[in-house]
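An overview of the molecular structure
Next come the chains, spelled out residue by residue.
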Amino acid sequence: MPRTTAPRPSVLVTPGPPPFGQADSGAAASALVASGLVAEIEAYLASLPAPARTPVPYVCPYGSVLRPWRAGHPEPRATLLDRALGRPARPVPVSAADHLRLASRYIGAHGWLQGAMWDAAGRVCLLGAQAAVLAHGYGTPATVRTARTQLMEVLHATGRPARSPDEYNDRPTTREGDVHQLLDRAAARAARLGL
């Protein structure tokens, strides 16, 4: 089917702008309207297809509900046998990518720290966040080792070599946003690799 184009509106040619300082913005705006440029732009925009509506999540007008850092993951539950034997609940199995995302959320919820694993206010460093996620029952030590390997791979791939992720965390030039970005990149890499 041949494509038809809308007829172009006629454009009036006006003389060039006056020298600097001799015209105000109102005169310039009326010159644009008189030239038909505005009408031509409006006609062009009207000929474009309507943008697809993307669903927007509902936002409560009264605010949002705080979600815990482990939202989306079940809490570890002790079985009857665990309670009878007095042992802790089995850890919730998580992938290395999920472990890294949970560590980032933990830092976001409790605060970030340099030079120590944690402080009295509850803030943690990168290693402290990983230890806290593990201590809350998410993943195993093998999961943490795999996640730390991914952190080292990302550090070296992005030109920030370090002996450990903890050394990178404690550098004076490192900020909390850098740590979150490192955790996000390592989580994405681990997810791509299926770890």
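Everything that follows concerns the structure shown earlier in this document.
Residues numbered from 1 in each chain as written. Predicted model: local features only at pLDDT ≥ 70, side-chain atom pairs only at ≥ 80, totals over all residues. Heavy atoms only, no water.

Interhelical geometry of helix α4 (residues 96-110) versus helix α8 (residues 176-193) gives an angle of 165° and a closest axis separation of 7 Å. Our classification of the angle between α4 and α8 gives roughly antiparallel. Judged by the twist between their axes, the crossing of α4 over α8 is left-handed. Taken together, the residues of α8 that come into contact with α4 (itself represented by Ala96, Ala97, Leu100, Arg101, Ala103, Ser104, Ile107 and Gly108) are Glu176, Val179, His180, Leu183, Asp184, Ala186, Ala187, Ala190 and Ala191. (Axes fitted to C-alpha atoms, helices over the stretch in contact; angles between N-to-C directions. Helix = DSSP H or I, 4+ residues; strand = E, 2+ residues; numbered from the N terminus. Parallel < 35°, antiparallel > 145°, perpendicular 65-115°, else oblique. Left-handed = near helix turned anticlockwise from the far one by under 90°. Contact = heavy atoms within 4.5 Å.)

Here α4 crosses helix α6 (residues 141-157) at 75°, and the two axes come no closer than 9 Å. When the axes of α4 and α6 are compared, the pair comes out roughly perpendicular. Facing Ala96, His99 and Leu100 of α4, the residues of α6 in contact are Thr143, Val144, Thr146, Ala147, Gln150 and Leu151. Considered class by class, the residues forming the contact of α4 with α6 number 5 nonpolar, 4 polar and no charged. (Nonpolar A, V, L, I, M, F, W, Y, C, P; charged D, E, K, R; others polar.)

Our next topic: a nonpolar patch on the surface. Judged by side-chain polarity, Leu37, Ile41, Tyr44, Leu45 and Leu48 come together as a nonpolar surface patch covering roughly 480 Å² of accessible area. Inspection of the secondary structure puts Ile41 in helix α2 (residues 37-47). Relative accessible area serves as the criterion here: at 43%, Ile41 is assigned to the partly exposed category. (Patch = residues over 30% accessible without salt bridge, like charges linked within 9 Å, V, L, I, M, F, W, Y side chains within 5 Å. Areas by Shrake-Rupley, 256 points an atom, 1.4 Å probe, with all protein chains shown as cover. Salt bridge = Lys/Arg side-chain N within 4 Å of Asp/Glu carboxyl O. Buried < 20%, exposed > 50% of the residue type's maximum accessible area, 1.4 Å probe, protein only.)

Positionally, Asp82 belongs in helix α3 (residues 80-85). Of the residues examined, Asp82 reaches a relative accessible area of 2% and is grouped as buried.

Turning our attention to the pattern of salt bridges. Should the charged atoms of two oppositely charged side chains come close, the side chains can pair. Enumeration over the complete set of coordinates arrives at 7 salt bridges. A salt bridge links Arg123 to Asp119; the nearest nitrogen and oxygen atoms lie 2.7 Å apart. Judged by relative accessible area, Asp119 falls into the partly exposed class, the value being 22%. In this structure, the salt-bridge partner of Glu167 is Arg163, at a minimum N-O distance of 3.5 Å. What makes Glu167 partly exposed here is its relative accessible area of 26%.

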